[in-house]
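# Coordinate analysis (summary)
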Amino acid sequence: MDAQGRVTAWTPAVGRLLGHDEEGIVGRPAAELFAGGPPAPLLRSFSAGREWCGRAELRHRDGHHVEADVHVTPLLGGRADAAWMVVVAEAGRPDDATKATDPAGSAETATLRGWALAQLPMPHGVFDRRNRLVAANDEACRAMAVREDGTLGRRLGQIHSRPPYNRLEELSAQVLRSGEAVTARIADRATGDRQTRVWSNVVYPLTDAEGQVRGTSIVVLNVTEEESARRRLSLVNTAGLRVGTTLDVTRTAEELAEVATEWFADFVGVDLHESVLRGLPPESVTGGTAYYRVAQRSVLDGCPEAATPTGRADHIADDSPMGLALTTGRVLRHRIDAPEMVRWLAREPARAQRAREYGIHSYLVAPLRARGATLGLVIFLRHRTPDPFRMDDLHLATELAARAALSLDNARQYTRERNTALALQHSMLPERTPQQAAVDVAFRYLPGRSQEGAGGDWFDVIPLPGARVALVVGDVVGHGIHASATMGRLRTAVRTLADLDIAPDELLTHLDDLVLRVEGEQSGPAGERSRGPGASEVGATCLYAVYDSVSRRCTLARAGHPSPAVLRPDGVLDFPQLPAGPPLGLGGLPFESTELELPEGSLLALYTKGLVEAVDRDTGLAPLRHALADPAPTLEEICDDVLDVSCAVDPMGDVALLLARTRALDGSQVADWDLSPELTEVSRARKLAMRQLGSWGLEETSFVTELVVSELVTNAIRYGRPPIRLRLIRNDAGLVCEVSDGSSTAPHLRRARVYDEGGRGLLLVARLSERWGTRHEPHGKTIWAEQRPTAAG
């Protein structure tokens, strides 16, 4: 009953004892239940606000009297203006539980029950079927900051308008409808409280003997510390999963900022030493060193509270919060109104203005240290969260910084290794193409985004005698420094073999042997792979093509490499299917060459698989087809278009692209003659050559050319076989003299003794020419000699 003695709620057992239902008695004076009125001692105790126990006669609904034990106790420590609990038990008929546990009788049991409700060390409230508060203990009144007499008969939303109370009222209404208990956690920050508190609320139904819901009961438990610990553990676990997912320094810093702003801080800024961004160990950790803001995130759009934009240097003073954290190596927290903060902000007007404008009230700065080195620092700020950083937050920030620093250091070391591999690879790739007259070329190299580092893709343009050029594209298995080093060895080997001027299929055979020897060097005595630093897999693919600008024919061979694309002058685009040779390093399988006729102005595109990597070949070639279908005017623009279309997203693997537009030498630039195998033909050969030089306006080269022609033709007649042929080629690269014969025996230089009559011809040719050599062909050989372009006019 309430302070005025009206019945506010009762149990079904009392209803059965007196023959009343709830609606027939709630709201009526409790005195009407007593036969002849309440006993005088009860009235005196009620007026004095004291507890009373005794025997009284109650009136049954049908009029007869029921003798009962009555226990009346105040709910709020004896205040007369508070609610009361009345416990009624039929005299002489205590239940079995009461007999077993309460020898003194049901009145004492009732007293204990009343005390249990009143002294429960957590807020507890009872609500009727209309969701009105009918009873509340002291803790509930203290939590709501109200007195019970001002709350009984009202809904929670009427007592307080704050969201937590409205939510509790909704939950109580839900339980009244469903009859099912619910549990919910609700956060609340009372006025004047510096910390947001979290309450675990259990709302359960109160049912009668028939199972009908007659009201609800709410028990509230303060779980603020438990919730804080749970959220801290969750944040640490989340950081372990989401920070360091890549080996990119900047992305790792961004992940740290993203995780920390989900609930821990309102703003996070990550500053790193410049050397860390380049993959090097930090050079200094002093406060006067410039650190760069690489990542920041805020609960506000655009990070307006940031004093340093991303990518800019943030000069850190020694006495600043950041400088102190770097110097001490410890996580430090600061209140914005602390004396040291006031002094520092007085010298930092930009930071002070933002602190006032956005209400920044708490700083927490953590150094990023890993493996004994300080990489940078992370700054946590709060302005929208009312709670300042506490000691528990200090420990949490220490854990976050330690995990992030380890991931950042891993990314730094990867960056260093990747930069080293890229530098090594770029040093081994041609920066510019050599001078030659057979093709116009353009090239691109794009490193992939694989976390394993740079790959071993390479390309090369090698001038060959006779107005020819060799075009090479290859791809080494693996990534990193070992792949780059292997690529350098193979590229050097290709250039060496190209100088021998052998056929493409033969060159790939020699290159395959080289790869097998390298693998043998890295294997143990029993053929097992070495475990040393160079124990990466050795294998590669390669495409080697030789284009002759005189015959306009291109000879190609491939070792497990994608076929080239050929765009002819009439706009026809083709991907010729070359014989599929095995990748280098398998051994035992032959390579085959294919010869294509390429009109002048044809475009030859050589590339590595990174350009066309896709689920299937047709899908992978589609972007390349599209880019070459309507080519740009220049080769450089075509290269850009191909990469834009084929590499719209950063490729996983490296990409090497080599474009060559063919040239052709017409009849006015080439002169050739058939010679009979007689020594008298040497004189005729000299005359023919001199006449041709005159028509080309190259008379100043006649002395050297006449000597070269004389020596080469003489050797072919004396030591070679028919047919013998002399050819002169004039191009932008110079003048080439070629003598062919049907013998496969190649001449070689030797040092003639004093009295030898011969043996000096090739020595003179070698001294007077830019370079000379032998080219073997299916039906003989060709001896050639080139003169300098300056000498060629």
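Structure report, in brief. (Residues numbered from 1 in each chain as written. Predicted model: local features only at pLDDT ≥ 70, side-chain atom pairs only at ≥ 80, totals over all residues. Heavy atoms only, no water.)

Let us now look at the sheet that holds strand β8 (residues 213-222). Reading across the sheet, the five strands line up as β5-β4-β8-β7-β6 and stay open at both edges, with antiparallel pairing between neighbours. The open sheet has two edge strands with one neighbour each: β5 (133-136) and β6 (182-188). Each strand axis lies, on average, 25° off the axis of its neighbour in the sheet, ignoring direction. As judged from the three bridges shared by strand β4 (residues 124-128) and β5, these two strands associate in the antiparallel manner. Paired with F127 across the bridge in β5 is L133. Sitting on the sheet, helix α8 (residues 163-178) is in contact with β4, β6, β7 (197-207) and β8, with an inclination near 170° to β6. Against the sheet, helix α9 (residues 224-242) makes contact with β6, β7 and β8, and its axis sits at roughly 120° relative to β7, the strand it touches most. (Pairing = 2+ DSSP bridges. Helix = DSSP H or I, 4+ residues; strand = E, 2+ residues; numbered from the N terminus. Axes fitted to C-alpha atoms, helices over the stretch in contact; angles between N-to-C directions. Contact = heavy atoms within 4.5 Å.)

Before going further, it helps to examine the nonpolar core. Formed by 51 residues in total, the largest nonpolar core has its most connected members in V439, W458, L471, L508, Y544 and L584. Discounting residues that sit within four places of it in the chain, L584 has contacts with L508, L511, D512, V515, G539, A540, C542, A559 and F591. F264, L364, L375 and A397 belong to the second largest nonpolar core, which has 36 residues in total. (Core = buried A, V, L, I, M, F, W, Y, C linked by side-chain atoms within 4.5 Å. Buried < 20%, exposed > 50% of the residue type's maximum accessible area, 1.4 Å probe, protein only.)

Attention now moves to a negative patch on the surface. A surface patch of like charges, here negative, comprises D630, E637, D641 and D644. With respect to the secondary-structure elements, D630 resides in the loop between α18 (617-629) and α19 (635-646). Under the relative-accessibility criterion, D630 is labelled exposed at 66%. (Patch = residues over 30% accessible without salt bridge, like charges linked within 9 Å, V, L, I, M, F, W, Y side chains within 5 Å. Areas by Shrake-Rupley, 256 points an atom, 1.4 Å probe, with all protein chains shown as cover. Salt bridge = Lys/Arg side-chain N within 4 Å of Asp/Glu carboxyl O. Lys, Arg positive; Asp, Glu negative; His and termini not counted. Charge placed at Lys NZ, Arg CZ, Asp CG, Glu CD.)

So, on to the environment of E254. Along the polypeptide, E254 turns up in helix α10 (residues 249-260). For E254, a relative accessible area of 31% puts it in the partly exposed group. Spatially, the C-alpha atoms of E254 and R297 are 7.8 Å apart, while their sequence positions differ by 43 residues.

Glancing now at the packing of aromatic side chains. Applying the stated criterion across every chain, the model contains five aromatic pairs. The interplanar angle of 90° and the centroid separation of 6.1 Å between the aromatic rings of W263 and F264 together place this pair among those described as edge-to-face. For W263, a relative accessible area of 23% translates into the label partly exposed. Given the relative accessible area of 0%, F264 is considered buried. Aromatic pair F443 and F459: ring centres 4.8 Å apart, planes at 35°, arrangement tilted. In this pair, F443 sits in strand β15 (residues 439-446) while F459 sits in strand β16 (residues 455-464), placing the two residues 16 residues apart along the sequence. Connected via pairs of aromatic rings, a cluster forms that spans W263, F264, F380 and F389. Positioned over the ring face of W263 is R231, at 4.2 Å from the centre of the ring. Lying over the aromatic face of F264, R382 brings its terminal NZ or CZ to 5.5 Å of the ring centre. (Phe/Tyr/Trp six-rings, centres within 6.5 Å; stacked < 30°, edge-to-face > 60°. Lys NZ or Arg CZ within 6 Å of the ring centre and 35° of its normal.)

What follows is about the sheet that holds strand β1 (residues 52-59). In spatial order, the strands read β1-β2-β3; together these three strands make up an open sheet with antiparallel pairing. Both edges of this open sheet fall to β1 and β3 (84-90), since each of them pairs with a single strand only. Mean inter-strand twist for the sheet, computed between neighbouring axes without regard to direction, equals 35°. Where strand β2 (residues 65-74) lies against β3, seven bridges are found, and the strand directions are antiparallel. Across the sheet, residue V72 finds its bridge partner in β3, namely V86. Running at roughly 125° to β1, helix α3 (residues 40-48) makes contact with β1, β2 and β3 of the sheet.

Side chains that carry opposite charge are capable of pairing whenever their charged atoms lie near each other. Under the criterion given, the structure shown has 40 salt bridges. Here E67 and R55 are joined by a salt bridge, their closest N and O atoms 3.4 Å apart. Of this pair, E67 sits in strand β2 while R55 sits in strand β1, and the two are twelve residues apart along the sequence. Judged by relative accessible area, which is 43%, E67 ranks as partly exposed. With its nearest N and O atoms 3.5 Å apart, the salt bridge here joins E777 to R775. A relative accessible area of 7% means that R775 is categorised as buried. Sharing partners across several salt bridges, the network here consists of R468, D501, R727, E738, R775 and E777.

This part takes up the pairing of β8. Here β4 pairs with β8 via five bridges, running antiparallel. Its bridge partner being in β8, G125 is matched across the sheet by I218. Relative to β8, β7 is paired through nine bridges, and the arrangement is antiparallel. Considered in β8, the bridge of V202 is made with V219. The antiparallel hairpin formed by β7 and β8 contains five residues in its connecting segment, where G211 sits at a positive phi of about 85°.

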